[in-house]
Amino acid sequence: MRSGIFAQGTRTTRWVSAGAAMAVAGLLAGCGSGGGGSDSGTITAYVYGDDAVKVQQAAVDTFNKTSEVKVKLVPVPGSDYVNKLRSAMGSPSAPDVFFNWGGGSIKPYVDSEDLVDLTSTIKNDATLKDGFLPSIMTAGGLEGKVYGVPMRGMQPVMLFYNKALFAEHRIEPPRTWEDLQGAIKTFKAAGVIPFALGGSDKWPELMWMEYLLDRIGGPEVFKRIQDGDTEGWGDPAVLKTARTVKELIDEGAFGKNFNSVDYGSGAAPTLLSKGKAAMHLMGSWEYSTQLGKAPEFAKKDLGWTAFPTVAGGVGDPANVVGNPTNYWSVNARTKHKDAAIDFLKAMASKSYAQALVDNGDVPTTSNAASMLSGSPNPQFATDQYEMVQKAPSFTLSWDQALEAQYATPLLTEISKLFAGKTTPEQFVEAMKAAR
Amino acid sequence: MSHHTPVAKRHGDGKAAVGDVGRPPVAWAVPGILFFAVFAIVPLAIAVYLSFCEWDGLDSPTFTGLDNWTRLSKDSEFGQAAWLTLLLTTISWVFQTPVALLLGVWAAGRQRSRALLSAIFFIPLLLSTTAIAMLFRALLDPNFGVIQTIGPWLGIDPNVMGSSTGALLVVAFVGGWQFMPFHTLIYQGGARQIPEVLYQAASIDGAGMVRQFFHITLPQLRHTMTTSSVLMIVGSLTYFDTVLIMTKGGPGTDTTILPYLMYRTGFQTYDLGYAAAIATALVVVATSISLIMVRLSGFGSMRSTREGM
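Reading the values: rules and limits
Residues numbered from 1 in each chain as written. Chains lettered and ligands numbered in written order. Predicted model: local features only at pLDDT ≥ 70, side-chain atom pairs only at ≥ 80, totals over all residues. Helix = DSSP H or I, 4+ residues; strand = E, 2+ residues; numbered from the N terminus. Buried ≥ 20, exposed ≤ 12 C-beta atoms within 10 Å, placed from the backbone. Contact = placed C-beta atoms within 7 Å. Domains from an automatic or database assignment. Nonpolar A, V, L, I, M, F, W, Y, C, P; charged D, E, K, R; others polar. Axes fitted to C-alpha atoms, helices over the stretch in contact; angles between N-to-C directions. Parallel < 35°, antiparallel > 145°, perpendicular 65-115°, else oblique. Left-handed = near helix turned anticlockwise from the far one by under 90°. UniProt positions renumbered as here; feature names shortened; annotations may be inferred. pLDDT = per-residue confidence, 0-100.

(A) Looking closely at the overall build of chain A. Of regular secondary structure, chain A possesses 21 helices and 11 strands. Once the C-alpha set of chain A is aligned to its principal axes, its extents read approximately 90 × 65 × 50 Å. Across the 435 residues that make up chain A, the buried fraction comes to 51%. Long-range pairs, those at least 24 residues apart, make up 76% of the contacts in chain A with a sequence separation of at least 6.

Set out below in structure tokens:
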């Protein structure tokens with residue numbers, strides 16, 4: 001009996017181990033080629049996975065119809081994107097083409113010579129050269145070289161406001177610092193938080209720093225820092241910016257709770273739509289966020305305007321900060337460089353711009369102006385486009401403009417400043433000392 | 001492979017039949033050792049190696065000697081994180097142990113509806129940490145959460161997550177809420193092992209419930225307490241997900257405990273060498289604390305709590 005089972009067992013065991021061996025081999029093989037861009041005739045493209053992926057997917061489908069080399073789009077969920085890209089780029093299965101924010105977000109890849117320099121390609125190609133707004137093209141570059149082609153809508157930071165509240169208290173959206181102070185007093189007296197702020201996410205606080213510094217000292221102050229001079233944080237305009245932030249907090253411009261309010265879960269946008277806060281400084285995606293969460297409010301009472309001037313500031317009030325757009329960059333190790341560049345050219349096409357407009361985005365192509373009337377909200381799209389088109393300078397969000405090794409400490413220091421853990425002077429010192 | 005296992009088995013069987021101690025041969029431990037080596041020892045060794053390097057995750061690591069370690073010793077942020085970790089660990093232990101102990105002893109009894117209530121108490125352990133953190137985040141939202149209505153009643157400022165002390169206490173509370181059922185289970189098991197005769201003898205001598213608890217239950221649960229405490233302390237030292245989701249280390253850096261500092265340094269700043277140094281320091285501290293606790297409590301020598309019975 002026992003020996004019988006034993007004999008049978010051996011045979012079964014053999015089968016099982018053979019099966020297991022095959023499974024392991026399969027897994028190993030899978031590791032080698034999985035997600036890799038080195039398959040014959042395929043380009044892997046990593047894209048930030050959100051609602052807008054459908055626009056890129058459609059462009060990929062169109063491209064694949066005519067191209068011999070096929071593009072495979074890999075949407076990576078937003079919060080994991082940066083990390084996943086980072087790990088993939090350091091591995092043999094790196095993407096051939098990938099989504100990025102330009103500037104500091106691609107600096108490490110440029111430094112390790114992982115990216116294709118597109119400067120001359122673009123210069124010699126009329127479609128790419130004249131296809132996009134010039135300020136957008138340069139904003140994503142590094143040291144005068146271009147590494148990316150714009151592929152999504154523009155995302156300037158704007159001052160959003162609740163029209164109903166402004167009408168109720170009979171005031172106009174602020175255009176100067178005096179207006180802004182007046183609005184803070186009025187709304188505070190009425191028990192309304194003047195500005196919604198998702199402080200626990202940190203980056204919404206950064207937007208205030210960016211605009212204040214630009215209005216106070218002009219875009220050159222941050223440009224110097226971005227170019228690698230940490231002494232730039234010692235500019236008097238930075239200290240004034242930090243002090244202005246402190247004054248705003250002390251006078252209750254952001255309410256009392258902003259440290260535990262976040263943007264991600266929708267708390268800050270809801271403050272605005274429910275009329276608990278009057279204004280919200282946010283990227284232009286706030287419009288689609290509100291459209292998704294509070295459609296009634298977005299259609300009827302959501303207003304938008306430029307960031308006001310700051311008393312005594314030297315910056316041009318027409319300047320804009322935010323994310324100019326997102327870019328496709330090409331991995332230098334790709335086997336299909338020409339095909340990848342062909343795919344990038346499709347981003348300048350009229351049909352792609354139209355698809356972006358239909359999705360509610362404002363494309364950064366030079367031909368976009370005429371299409372915006374077909375946008376879901378033509379007024380918002382046109383205002384946004386003109387704001388960017390007329391802006392003498394478009395400063396890339398600091399956390400994208402700087403490399404992660406500076407950007408992360410920056411966000412931490414800003415969060416400490418807003419939480420009242422450090423003084424404006426300590427903030428400046430900490431930033432000068434950041435490695 | 002197919003031949004070895006049965007042979008080993010037969011070998012073991014043979015030994016047992018002879019009447020030996022019946023301990024399984026070393027071969028039985030091979031899968032466990034392999035698994036542990038591949039997923040724990042090797043990564044640990046790599047992390048220790050990386051702590052002597054500078055690495056951004058893209059190029060190859062460059063050896064920098066003790067740079068990361070000297071930086072660690074001077075880094076005030078690391079000091080603050082270590083202090084907060086210690087604080088969180090202490091708060092967690094003080095909060096969880098008494099409650100889990102009492103619940104566990106209660107759950108070991110045979111009262112009516114005990115099984116049902118125990119099952120309900122067990123639920124938090126079955127939920128994912130992420131879900132729990134998001135749930136509490138929503139409850140504690142200062143403008144829209146339940147805390148806004150209930151807080152003033154209990155004398156709590158609704159902005160509890162915005163204050164430094166509040167945020168740390170919340171993190172400790174949420175972790176405690178989630179893991180208490182687990183420790184309750186450990187204490188329940190421990191309490192069930194206590195021989196009934198001890199209580200019978202005590203009752204005859206006239207000891208009441210409270211005296212029985214302090215003079216029989218507690219001493220008998222000594223080893224259980226060590227087990228639970230080691231798990232609790234090591235758990236608190238490596239506590240991470242709740243901080244990431246609920247506070248992101250804020251306000252400022254006031255809930256940036258060591259594991260979160262490690263994550264931020266490694267996966268947001270991409271300073272992987274320094275992050276490895278923090279990780280290694282954490283491993284050393286956690287291991288030492290566990291060893292010290294085991295040594296001090298006499299758990300290591302495995303003396304029985306039933307000596308002389």
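(B) Spatial organisation of the overall build of chain B. Scanning chain B from terminus to terminus reveals 14 helices and 2 strands. Looking at chain B as a whole, 31% of its 309 residues qualify as buried. In chain B, once contacts between residues fewer than 6 apart in sequence are set aside, the share between residues at least 24 apart is 68%.

(C) How the structure looks around the domain arrangement of chain B. All names here are of chain B. By the assigned domains, chain B splits into domain 1 (4-50) and domain 2 (76-296). In this structure, domain 1 and domain 2 have C-alpha centres spaced 33 Å apart. In this assembly, 4 residues from domain 1 lie in contact with 6 residues from domain 2. Taken together, the residues of the side of domain 1 that touches domain 2 break down into 4 nonpolar, no polar and no charged.

(D) Examining the environment of Ile233(B) more closely. Residues and elements named next belong to chain B. Among the structural elements, Ile233 can be located in helix α11 (residues 222-237). In this structure the C-alpha to C-alpha distance between Ile233 and Leu86, which are 147 residues apart in sequence, comes to 9.4 Å. Leave out the neighbours within four places in its chain, and Ile233 touches Thr89, Trp93 and Ile289.

(E) Fine view of the interface of chain A and chain B. The interface is formed by 32 residues belonging to chain A together with 27 residues belonging to chain B. Those elements giving two or more residues to the side of chain A that touches chain B turn out to be α1 (2-33), α3 (81-89), α13 (267-273) and α20 (404-418) of chain A. Of the residues in the side of chain A that touches chain B, the class split is 8 nonpolar, 17 polar and 7 charged.

(F) Representation of the packing of α11(B) against helix α14 (residues 272-296) of chain B within the structure. Residues and elements named next belong to chain B. Running from N to C, α11 and α14 cross one another at 165°; their axes reach a closest spacing of 10 Å. For the element pair α11 / α14, the angle class is roughly antiparallel. Taken as a pair, α11 and α14 cross one another with a handedness that is right-handed. Residue-level contacts link Thr226, Ser229, Val230, Ile233, Val234 and Leu237 of α11 to Leu282, Val285, Ala286, Ile289, Ser290, Met293 and Val294 of α14. Class assignment for the residues of the contact of α11 with α14 results in 10 nonpolar, 3 polar and no charged.

(G) Representation of the UniProt feature "domain: ABC transmembrane type-1" (unreviewed entry) in chain B within the structure. When the UniProt feature table is mapped onto this chain numbering, "domain: ABC transmembrane type-1" (unreviewed entry) sits at residues 82-293 of chain B. Span residues 82-293 of chain B is 77% helix and 0% strand, its end C-alpha atoms 19 Å apart.

(H) Seen up close, the domain arrangement of chain A. Residue and element names in this part refer to chain A. If you check the domain split of chain A, you get domain 1 (42-154 + 324-396) and domain 2 (156-322 + 403-433). With centres defined by C-alpha atoms, the gap from domain 1 to domain 2 works out at 28 Å. Residue-level contacts link 16 residues of domain 1 with 17 residues of domain 2. Mapped onto the side of domain 1 that touches domain 2, the elements with two or more residues apiece are α4 (107-111), α18 (378-390) and β11 (394-396). Here the element with the most residues in the side of domain 1 that touches domain 2 is α18; it accounts for 6 residues.

(I) Fine view of the confidence of the model for chain A. Averaged over every residue, the pLDDT of chain A is 87; the share at 70 or more is 91%. Predicted confidence is poor over residues 1-39 of chain A, with pLDDT under 50, and the contacts of this stretch with residues over four places away or in other chains come to 23 contacts.

(J) Highlighting the environment of Met371(A). Residues and elements named next belong to chain A. You can see Met371 is positioned in the loop between α17 (350-358) and α18. The spacing of Met371 and Ala381 is 10 residues in sequence and 9.8 Å in space, taken between C-alpha atoms. The residues touching Met371, leaving out its near neighbours within four places in the chain, are Ala353, Gln354 and Val357.

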